Structure formats: C-alpha cells, structure tokens
Amino acid sequence: QRRHGDLIVGVLVFALIVFASWLACRFFAGRGAFLLVGAMIATAMSANVFFWIIPGQRTVVAAIKAGEPVDPIHGMRGKQRSVHNTYFTLPVLFAMLSNHYSFLYLHPQRWLVLFFLMLAGALIRQFFVQRHGYHLGRARNPWPFAALGVLLIALVILALRPQAPAQMASKSPPADFAQVQNVLTQHCLACHGPALQMKGLRVDQPQAVLLSAQAIYQQVVVTRQMPMNNASGMQDAERDVIRRWYESGAKGP
C-alpha cells in the first residue's frame, strides 16, 4: 500500500463529507439534505461490503481451498473498508433519523449542524473502537475521543438554544381571523386547499383552521417548518400575524 495511504483516504473522505453537507443544504430543503447525505454515506458503506469485503473473502477462501498462497492484499483491503464503515455507523444513524427533529435541519447554518454532529458520532465511535485495545494494553486511553465528541454535541446544543424573536416580545395588537386567512390563502392554499389537503387540512375552511390552530402555530411560528422550504416566501411579519392571532385565543371570523 502507498505510504500514509490511510491518512490520505481519511482526509479525502473528510473533505468529501464537508463538501456534500454544504452542497446538499444549499440546493435542497434541510430535511431532504440531511437524508441525502446520510444515504450517500450509507451507499458507500454498502459498496465497501459488496465490492471489496465480500469479493476479497471469496478470493481468499478459494485460494485456501485450492491450496494456493493467499495474497494478503485482500485482507488488508477488507480491514480498511471495514474500519471506514465502523466510523460511518453513527453519522449515518444520525442523518437518517434527523427528519424527526426539525430544529436541527431548519437552522440557517444547518450544514454545519449536520457536519459537526456527524463528526461527533465518528469521534464517539472511535472511543468504542479504541476501548477494547486499551483494555488489552495496546492502545491509549480512548476517553479524549468521547470527551471531544460530547463537547461538540454540547456546543451544537448551545448554538441551537431557542431565542425569542424581538417581535414576539413586543406588545403588538392581536391579529384577527381575516388577516390570518389572508396569509394562509397566499402561502398555504396550494397544499391545503380544494385540490389537495395534505395532513387533512384545508385552510380555505374557517372551521378547519380553528380546529388545527395549534398545529398551524407550531409549524409556521415555532419550528418555521411550513411552508416547506419556504417555497412561497412567507415573511417574518406574516408569521407574526399567525403568532398574534394564536396567542390572543385563535378566534374565528
């Protein structure tokens, strides 16, 4: 193998994941971007197994059965790809489960959130890998890796701590239902109207809006998850209309 080959591959994989995280979050909605990066890494893991590890094992077994000398390169390659898959495990797990946590993928710098949490997963995985060798006396104490991984998670939590927008703290007058319906008609009718009722909601029906007031408030104001990827360009002032209406009792027409 090339000298420092593992280091070179590690640096290239690191750079690829950084670039993929940035690129995916630039061109796709946060939820989809996180899943795409996770799927990319999971595909690489599958390729390691099907194109390197399993064929290498078959070649070695065939050589042993035939009484021929075994080329050690197959074992070296298999071990290298298995190590790569080991470090990919927790990052992939995080990326593929992230769609349940909108506060992660809706952050303005979500690509950094994605990258640092995946990096934390790899560091924590290194702790588990090295712990066995440490107990056998052939590796250093792995606790620094776990500590650094936990520190990264703590820093991400700190960066994601909720902060009340200035308009929410102001004593602005409550909004009436007509204002709310105007906002919903402009930004939500395409997915929640006569032609299509996603989540069973129609914003053109006042009674349906009143019954789903809490869900609308949660999705539009708290998590800001809707409209999806803000494709309709809803402004903060329009979100504030929903907030003022809901916080004043969510009254009907």
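The structure under discussion appears in the preceding block.
None of the values given here were measured: they were computed from a predicted structure.

Engineer: If you had to explain the nonpolar core to someone new, which residues and values would you point to?
Structural biologist: In terms of nonpolar packing, the biggest core is built from 21 residues, with Phe34, Ile41, Phe94, Leu104, Leu114 and Met118 touching the most fellow members. When contributions to this core are tallied by element, the ones reaching two or more residues are helix H1 (5-27), helix H2 (30-65), helix H3 (73-97), helix H4 (102-105) and helix H5 (110-135). Once you skip the residues sitting within four places of it in the chain, leucine 104 turns out to touch Phe34, Phe94, Arg110, Val113, Leu117 and Leu160. Among the nonpolar cores identified, the runner-up in size contains 20 residues, and Ala175, Ala208, Ile216 and Val241 belong to it.

Engineer: Describe the environment of alanine 63, listing the residues and the values that go with them.
Structural biologist: Mapped onto the elements of the fold, alanine 63 is located in helix H2. Given a relative accessible area of 12%, alanine 63 falls into the buried group. Alanine 63 has contacts with Glu68, Pro69 and Val70, leaving out every residue within four places of it along the chain.

Engineer: A description of the packing of aromatic side chains should follow, citing residues and the corresponding values.
Structural biologist: A complete count under the given rule lists 10 aromatic pairs for this structure. Their ring planes at 70° and their centres at 6.2 Å tell us that tyrosine 101 and phenylalanine 103 sit as a pair that is edge-to-face. Judged by relative accessible area, which is 43%, tyrosine 101 ranks as partly exposed. Owing to a relative accessible area of 51%, phenylalanine 103 belongs among the exposed residues under this scheme.

Engineer: Run through the environment of valine 241, naming residues and quoting values.
Structural biologist: In this fold, valine 241 is placed in helix H11 (residues 236-247). On the accessibility criterion, valine 241 (10% relative accessible area) is buried. In this structure, the C-alpha to C-alpha distance between valine 241 and glycine 121, residues 120 residues apart in sequence, is 40 Å. Apart from residues no more than four positions distant in its own chain, valine 241 is found in contact with Ala175, Gln179, Val180 and Val183.

Engineer: Describe the packing of helix H8 (residues 177-187) against H11, listing the residues and the values that go with them.
Structural biologist: In the contact formed by H8 and H11, the axes pass within 9 Å of each other and the chain directions differ by 140°. The angle between the axes of H8 and H11 places the two elements in the oblique class. When the axes of H8 and H11 are compared, the crossing they make is left-handed. Across the interface between the two elements, Phe177, Gln179, Val180, Val183, Leu184, Gln186 and His187 from H8 touch Glu238, Val241, Ile242 and Trp245 from H11. By residue class, the composition of the contact of H8 with H11 is seven nonpolar, three polar and one charged.

How each quantity is defined
- Residues numbered from 1 in each chain as written.
- Predicted model: local features only at pLDDT ≥ 70, side-chain atom pairs only at ≥ 80, totals over all residues.
- Heavy atoms only, no water.
- Core = buried A, V, L, I, M, F, W, Y, C linked by side-chain atoms within 4.5 Å.
- Buried < 20%, exposed > 50% of the residue type's maximum accessible area, 1.4 Å probe, protein only.
- Helix = DSSP H or I, 4+ residues; strand = E, 2+ residues; numbered from the N terminus.
- Contact = heavy atoms within 4.5 Å.
- Phe/Tyr/Trp six-rings, centres within 6.5 Å; stacked < 30°, edge-to-face > 60°.
- Axes fitted to C-alpha atoms, helices over the stretch in contact; angles between N-to-C directions.
- Parallel < 35°, antiparallel > 145°, perpendicular 65-115°, else oblique.
- Left-handed = near helix turned anticlockwise from the far one by under 90°.
- Nonpolar A, V, L, I, M, F, W, Y, C, P; charged D, E, K, R; others polar.

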